[in-house]
Amino acid sequence: MMYGKELVYPKDGQIFINSSIKLDREKVITADAYVDPKLVITANGTMPGPPIEVYEGQTITVHVRNDLISDAVTVHWHGLHQVGTPWMDGVPFVTQCPILPGSEFTYKFKASPIGTFWYHSHMGTQLSSGLFGAFIIRAKVVTRDPEFVMILQDWNHFMDGDTAFFKMLYGVYENGHRVAPSTSFDGGKFSMFKIHSVLVNGMGRFGDVKAPLAVFEVDPNTKYRFRVIGATNNYPLILSIDQHTLEVVASDGYPIHPQLVDSFIINPGERYDFVIKTDQANLKNYWIRVQTLQKKATTGWAILRYRGAVNGEPDSRPRPCTTTDVCYVLNCPFSYYPSNENTICLNFDKIKSAAVNNPPGKNTEEKIEEIFLNFAFPGNGYVVPGSVNGRSFQFPSVTALTDPQSVTSYCSDDQCGEEKLCNCTYSINLEYNTTYQMVLLNKGAGRGWTHPIHLHGHSFYLVKMGYPEFHNETGLFVSENTDINCTRNVTIKNSFCNKAFWANSTWGGNNIEGIELDYPPMKDTIVVPTGGYAVIRIRADNPGVWFMHCHIELHHVNRMGLLFNESFDRHPKVQPDFPECRDYVPVA
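Novice: Whenever I open this one, the overall build of the protein confuses me. Can you help?
Specialist: Scanning the protein from N- to C-terminus turns up two helices and 43 strands. Contacts in the protein between residues at least 24 apart in sequence constitute 75% of all its contacts with a sequence separation of at least 6. The averaged location of the 59 negative side-chain charges in the protein is 2 Å from the averaged location of its 50 positive side-chain charges.

Novice: Would you explain the sheet that holds strand 42 (residues 544-550) in this entry?
Specialist: Hydrogen bonds between backbone groups are what pair the strands of a sheet, and the pairing can be parallel or antiparallel. Spatial strand order, 31-43-42-33-40: five strands in an open sheet with mixed pairing. Each edge of the open sheet carries a strand with a single partner, namely strand 31 (427-430) and strand 40 (525-528). For this sheet the average axis-to-axis angle between neighbouring strands, irrespective of direction, equals 20°. Here three bridges tie strand 33 (residues 451-455) to strand 42, and the two strands are oriented antiparallel to one another. Note on strand 42: the bridge partner recorded for I453 is C550.

Novice: Hey, could you run me through the sheet that holds strand 20 (residues 254-261) in this one?
Specialist: Overall, mixed pairing links the six strands, which are arranged 15-12-17-22-19-20 in an open sheet. At either margin of the open sheet sits one strand with a lone partner, and together these are strand 15 (197-200) and strand 20. The sheet shows a mean angle of 25° between the axes of neighbouring strands, direction not considered. Sheet topology places strand 12 (residues 147-155) next to strand 17 (residues 223-230); six bridges connect them, and they run parallel.

Novice: For this particular structure, what's the right way to read the pairing of strand 19 (residues 246-251)?
Specialist: On a regular strand, one side chain projects to one face of the sheet and the next to the other, so that they alternate. Among the six residues of strand 19, five are classified as buried, and the element is accordingly described as predominantly covered. Where strand 19 lies against strand 20, five bridges are found, and the strand directions are antiparallel. Each residue of the ladder has a partner; that of L246, found in strand 20, is V261. Two elements, strand 19 and strand 22 (residues 271-277), share four bridges in a ladder whose sense is antiparallel. The residue of strand 22 that forms the bridge with S251 is Y272.

Novice: How should I be thinking about the nonpolar core in this particular structure?
Specialist: A general trend in soluble globular proteins is that nonpolar side chains are found buried together. L373 and M548 are the most contacted members of the largest nonpolar core, which has 117 residues in total. In contact with L373, not counting residues within four places along its chain, are V388, N389, Y426, I428, V439, L440, L441, M548, L562 and F564. Core analysis: the next-biggest nonpolar cluster, separate from the first, contains 18 residues, Y461, I512, I515 and M522 among them.

Novice: Sorry if this is basic, but what is going on with unusual backbone geometry here?
Specialist: P48 follows M47 through a cis peptide bond whose omega is 0°. Inspection of the secondary structure puts P48 in the loop between strand 5 (21-23) and strand 6 (52-55). Cis geometry marks the peptide bond from S112 to P113, where omega comes out at 0°. With respect to the helices, strands and loops of the structure, P113 is situated in the loop between strand 9 (104-110) and strand 10 (115-121). A positive phi angle, close to 65°, is found at F93, a residue other than glycine. Relative to the elements of secondary structure, F93 occurs in the loop between strand 8 (75-78) and strand 9.

Novice: In this structure, what is going on with a nonpolar patch on the surface? I would like to understand it.
Specialist: On the surface, F166, Y170 and V383 cluster together into a nonpolar patch covering about 290 Å² of accessible area. Structurally, V383 can be placed in the loop between strand 27 (368-376) and strand 28 (387-388). A relative accessible area of 31% means that V383 is categorised as partly exposed.

Novice: What am I meant to see in the packing of aromatic side chains here?
Specialist: Any aromatic ring pair is given by two values, namely how distant the centres are and how the planes are angled relative to each other. Taken as a whole and assessed by the stated rule, the structure comprises 33 aromatic pairs. Measuring from centroid to centroid gives 5.3 Å for F148 and F216, while their planes differ by 75°, and the two rings are edge-to-face. Here F148, found in strand 12, pairs with F216, found in strand 16 (residues 215-218); they are 68 residues apart in sequence, far enough to count as distant. Taken individually, F148 and F216 each receive the classification buried, so the pair is uniform in this respect. One aromatic cluster in this structure is built from F148, F216, Y224, F226, F264, Y272, F274 and F348. Here R488 stacks its cationic end above the ring of F501, 3.8 Å away from the centre of that ring.

Novice: For this particular structure, what's the right way to read the environment of V172?
Specialist: Here V172 is to be found in the loop between helix 1 (161-170) and strand 13 (173-174). Since its relative accessible area comes to 8%, V172 is described here as buried. Discounting chain neighbours no more than four positions away, the residues touching V172 are K167, H177, R178, V179 and M192.

Calculation rules
- Residues numbered from 1 in each chain as written.
- Predicted model: local features only at pLDDT ≥ 70, side-chain atom pairs only at ≥ 80, totals over all residues.
- Heavy atoms only, no water.
- Helix = DSSP H or I, 4+ residues; strand = E, 2+ residues; numbered from the N terminus.
- Contact = heavy atoms within 4.5 Å.
- Lys, Arg positive; Asp, Glu negative; His and termini not counted.
- Charge placed at Lys NZ, Arg CZ, Asp CG, Glu CD.
- Pairing = 2+ DSSP bridges.
- Axes fitted to C-alpha atoms, helices over the stretch in contact; angles between N-to-C directions.
- Buried < 20%, exposed > 50% of the residue type's maximum accessible area, 1.4 Å probe, protein only.
- Core = buried A, V, L, I, M, F, W, Y, C linked by side-chain atoms within 4.5 Å.
- Patch = residues over 30% accessible without salt bridge, like charges linked within 9 Å, V, L, I, M, F, W, Y side chains within 5 Å.
- Areas by Shrake-Rupley, 256 points an atom, 1.4 Å probe, with all protein chains shown as cover.
- Salt bridge = Lys/Arg side-chain N within 4 Å of Asp/Glu carboxyl O.
- Phe/Tyr/Trp six-rings, centres within 6.5 Å; stacked < 30°, edge-to-face > 60°.
- Lys NZ or Arg CZ within 6 Å of the ring centre and 35° of its normal.

This is how it looks when you write it as structure tokens:
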């Protein structure tokens, strides 16, 4: 922690220079208060960056100047559909050229839809270095519940994002010993990326040091809405508030039928809105707990402070989960907790939308195009890149949206194949106004990690989830879901799953067992469980080039993504002075 050129020290939840001069904590990026400084990348000098809060339909203009010394940058507006302005989506070499050091770029777009969104760098590993902030779009209503924004991070106070990425590829070592991936309750793997703490609104603790924490001060007997943003690099987090029931009312900006739970799980890229009623008789402090979804969890802390309580540390405890009074957790990426946890999973595919909702293709005879996409790490080498259908994404050297004729790195049939791993710009053409049903898989030789998949340019309908088989006592993974076959070649025992298909040949479109077309929830980021799948549906009515990728930063940087070239002949015309970028090869 630094204040100018001075080291800052934490004590009793405050920060000091030389243990004597107390500082306003708003002037310091404290993170987890580890004493040695770490380089961060920020917007306007704060982490998280300044919140942007607007009304639906307003025109937003954001001037970005890149003051970094060596790195380019872009800004993505996560969850905004950018209808009519696809070149403002902020993906380097897809919708714009990177903003070079010393250069400026002005983003201008309409604020839509209503909900909880966020902005973040889409360049390399800059998100985990601190370049992100909240983006809230409100309806023009006279009254609403008071609310707070809560942004969650997993934090390493030694490594920058690039170092973490290369260590993930080539191995993480501590004291001369290689570190194995940590695991979830179900046995699923996380990367070797080690975190020291969990931050809430940029504040957390490491060890016993009493560093500042985020404090949310509330009046008794009042309803409060919390807008929670998952800005994590790698880990899903479980959020709860001691002695308070959470009423989850929205996900990724869209309302759902309220769910009363003890806690919920939020993955990288997701957002959840919940409401609490401050109904406790004791005017005191209560812990807000944020834990990683690991067997050996790392816990972050914040404080819910009833107005009138002393400015001290909470002594609260979570309510016990018992056989007669079980706890409920929303958005598990598995089916069961171990039985001794006395905890019941509410999987997100059982949630209903609370909005007027009519998924495309529900009540018509129109043809529904189906696309199978397997997100995995297949391959036989020491360093296995991420891929979709065996294609490791290669960014073009020109802007694919505005200069498509100059892209030379698209995938070819002779280069890629059913049991091959290839490097190319994987792009799928979508025809205007056609309904597409995408089956997102996590199967075959490269499974083992859970993937939160984010789609740019759209919010999709989640119409089905397929979970693998889990042991109902231990909660551990048993075997892959059998609804989908990975290959027609029965001699292949561990397929890359690059050309998957329904095991039941009669399935497809609306004819799939368990498909939910009555008020399915809408999202832009969904977890695909290891060994399972998710089925999402969109209508191709937003012309542009849209990126889909795993939102675990280390997986995204490791090339787990693809493009959708939507309604090419209807792409909006970009203004003639829009920046261009390209390779330069001198003519001999």
